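These are the residues of each chain, in order.
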Amino acid sequence: MRGSPLFLCGLAFGLAFAATPEPAKAPPLPALLPKPVLAKPVNDRFRLTERTRIVALDPALLDEATLLADELSRNLGWKVAAEATQRMNPGDIVLGLDPSLKPEGYRMRLTGTRALIAGGGEAGVFRATRTLLQLFPAELLAAHPPTRPPEWSAACGEFEDQPTLRWRILDVDTGFFHKPKEVLLRDLDQMAQHKINVLRWLLNAEGNWRLPIDKHPELAEAIKGAPRSYEEERPSPRGDELALYQSGRPHGGAYTEAEIKEIVAYAQARHIEVIPRVRLDFALEPEDRALQADVLDTLARVFPGEFIQVDVVDHPGLATKLAGPGFKKVVLDEALAGAEAVRVWLQGELVKQAAARKRRLLTRLWGTSAEELLKPGDRKSTRLNSSHA
């Protein structure tokens, strides 16, 4: 990790972590989500004042320091400064790096005079700041400044944590029901606060394309004028949602490329990886293969992350498509017999296409209808040819 050992300021800072005496009794800490591996209370309060700064001891942490300063300034009534410096004053919140920790791991110590945070990487420091914010009154992050500001202080203590799982995923479905950009940004704030680090974002379903596809702008344009919106008229029972999209009623809303890039950048600043997810038909006919290639090109260009997800799932026209000449040719040319053989072939094709665009593939391949239609048979797929020709 960039920077020298713990906090880059040598023995003095290391001693600060170890020097605070432990009181005989301390009030309990507020509930923290997720619960840290270590949360040991100390009988003192750390108070925010107009002299409080966010100090980044490593210049690589200035973005994290600036974001925290902006969040604190929202409802305090004064502007909190963020600086890249190795000079620490009483009342500062100090951010640094400790290469002995894992990238998302952190240690934090709050005393009456200072808040000290050490992370294994920028992500670890950011995760620690989420824990820090939970120690202050909830009004600090409210949508509007409180009419009667509370004392802006946090319970002191020692804290350590690191995630058990590499990915903590939130699935967001904007294919069936569009979420405006502002709602997604709010979701990302909540994810960050709870240290969820992957947003898997479904961008199309049942003909609703929420992102503009290179060479196919008509896909997103087709639903822009639809009357429904997420905020105005979202049915609460899942059954109503199901009936709505099965009836073919359009659900309006599509993202511009600029909005998608803003959402991705907002996530990156909070150390959240965005994995785009799309649903595609079997790419067997020439027009299907061309669309699939255009979709993958768009995802690779707009989303900078390592992973993309492409699902090939059951749909009403599946039987007809599997009986078409494109699939029959694949079955004969590749000597495929049954669902598993087709699954392996299709997954291999998708993996190769993603790799050609320097991306790694996640995929889900169909469901029970396809399994039934693709029961093992001879290499000419007798069931398909006879029942669905």
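Residues numbered from 1 in each chain as written. Predicted model: local features only at pLDDT ≥ 70, side-chain atom pairs only at ≥ 80, totals over all residues. Heavy atoms only, no water.

For the rest of this paragraph, the subject is the overall build of the protein. In terms of regular secondary structure, the protein is built from 13 helices and 14 strands. Among the 389 residues that make up the protein, the fraction classed as buried is 50%. For the protein, the proportion of contacts with a sequence separation of at least 24, taken over those separated by at least 6, is 75%. Working note: accessible area of the protein is about 18,600 Å², and carbon and sulfur atoms make up 54% of it. (Helix = DSSP H or I, 4+ residues; strand = E, 2+ residues; numbered from the N terminus. Buried < 20%, exposed > 50% of the residue type's maximum accessible area, 1.4 Å probe, protein only. Contact = heavy atoms within 4.5 Å. Areas by Shrake-Rupley, 256 points an atom, 1.4 Å probe, with all protein chains shown as cover.)

What follows deals with the sheet that holds strand β5 (residues 106-110). What the seven strands build is an open sheet, ordered β1-β7-β5-β6-β4-β2-β3; its pairing is mixed. One side of each edge strand has no neighbouring strand; the edge strands of this open sheet are β1 (38-47) and β3 (81-84). Along the sheet, successive strands turn relative to each other by an average axial angle of 20°, direction set aside. Sheet analysis places β1 next to strand β7 (residues 153-161), joined by eight bridges and oriented antiparallel. By the bridge assignment for β7, R45 is matched with A155. Contacts from helix α2 (residues 62-76) reach β2 (53-56), β3 and β4 (93-97), with the element oriented near 170° to β3. The strands that helix α3 (residues 122-135) touches are β4, β5, β6 (115-119) and β7; relative to β5, the one it contacts most, it runs at about 35°. (Pairing = 2+ DSSP bridges. Axes fitted to C-alpha atoms, helices over the stretch in contact; angles between N-to-C directions.)

Glancing now at the pattern of salt bridges. Summed over the entire model, instances satisfying the criterion amount to 23 salt bridges. Two residues, D297 and R357, come together in a salt bridge whose shortest N-O distance is 2.6 Å. Here D297, found in helix α8 (residues 286-302), pairs with R357, found in the loop between α11 (339-356) and β14 (360-365); they are 60 residues apart in sequence, far enough to count as distant. Measuring nitrogen to oxygen at the nearest pair gives 3.0 Å for the salt bridge that ties E306 to R360. Of this pair, E306 sits in the loop between α8 and β13 (307-312) while R360 sits in strand β14, and the two are 54 residues apart along the sequence. When salt bridges that share partners are traced, they join D214, E257, K261 and R301 into one network. (Salt bridge = Lys/Arg side-chain N within 4 Å of Asp/Glu carboxyl O.)

The next thing to look at is the environment of L33. Checked against the element boundaries, L33 lands in the loop between α1 (11-18) and β1. Setting aside anything within four residues of it in sequence, one finds L33 in contact with Q134, Q193, H194 and K195.

Bringing unusual backbone geometry into the picture now. Among all residues except glycine, the phi angle is most often negative; among peptide bonds, the trans geometry is most common. Omega for the peptide link from L33 to P34 comes to -10°, which places this bond in the cis form. Even without being glycine, K195 reaches a positive phi, approximately 60°. Within the secondary structure, K195 is located in the loop between α4 (181-193) and β9 (198-202). A positive phi angle, close to 75°, is found at K215, a residue other than glycine. As for its placement among the helices and strands, K215 is situated in the loop between β11 (208-209) and α5 (217-221).

This part takes up the sheet that holds strand β8 (residues 169-173). The strands that make up a sheet pair up through hydrogen bonds in the backbone, lying either parallel or antiparallel. Pairing is parallel in the open sheet, where five strands are placed in the order β8-β9-β12-β13-β14. Looking at strand neighbours, the two that pair on one side only are β8 and β14, the edges of this open sheet. Strand-to-strand twist of the sheet, defined as the mean angle between neighbouring strand axes without regard to direction, takes the value 20°. Alignment of β13 against β14, held across six bridges, turns out to be parallel. Directly across from V312, in β14, lies its bridge partner L365. The strands touched by α8 are β12 (273-280) and β13; relative to β12, the strand with the most contacts, the crossing angle is about 170°. Sheet contacts for α11: β13 and β14; angle to β14, the most-contacted strand, approximately 150°.

Formed by 47 residues in total, the largest nonpolar core has its most connected members in W201 and F303. Not counting the four nearest positions on each side in its chain, F303 is found in contact with W201, L203, L211, I260, V264, V274, P276 and R359. If you look at the next biggest cluster of nonpolar residues, it comprises 35 residues, including I54, W78, L132 and A154. (Core = buried A, V, L, I, M, F, W, Y, C linked by side-chain atoms within 4.5 Å.)

Under the 1.5 Å per step criterion, the end-to-end length of α11 is 26 Å for 18 residues, consistent within 8% with the ideal 26 Å. Looking at α11, one finds that the buried residues are A339, V342, W345, L346, L350, Q353 and A354. Buried residues along α11 cover an arc of 165° about the axis, so they all sit on one side. Seen from the buried face of α11, the exposed residues on the opposite side, beyond 90 degrees, are E340, V344, K352 and A356. Positioned one or two residues after α11, K358 has a phi angle of 60°, which is positive. (Expected span 1.5 Å × (residues − 1). Arc of directions from axis to C-beta.)

Take the packing of aromatic side chains next. Within this structure, the stated rule accounts for three aromatic pairs. Both rings, one in W167 and one in F307, keep their centres 5.0 Å apart while their planes meet at 85°; by these two values the pair is edge-to-face. On the criterion of sequence distance, the pair formed by W167 in the loop between β7 and β8 and F307 in strand β13 is long-range, its members being 140 residues apart. For W167, a relative accessible area of 25% puts it in the partly exposed group. Here the aromatic rings of W201 and Y255 are separated by 5.3 Å at their centres, their planes lie at 75°, and the arrangement is edge-to-face. (Phe/Tyr/Trp six-rings, centres within 6.5 Å; stacked < 30°, edge-to-face > 60°.)

In this model, the protein carries a mean pLDDT of 84, and residues with pLDDT of at least 70 account for 80%. This stretch, residues 1-13, has a pLDDT under 50; its non-local contacts, to residues over four places away or in other chains, come to 40 contacts. Predicted confidence for residues 377-389 stays below pLDDT 50, and this span has 28 contacts to residues more than four positions away or in other chains. (pLDDT = per-residue confidence, 0-100.)

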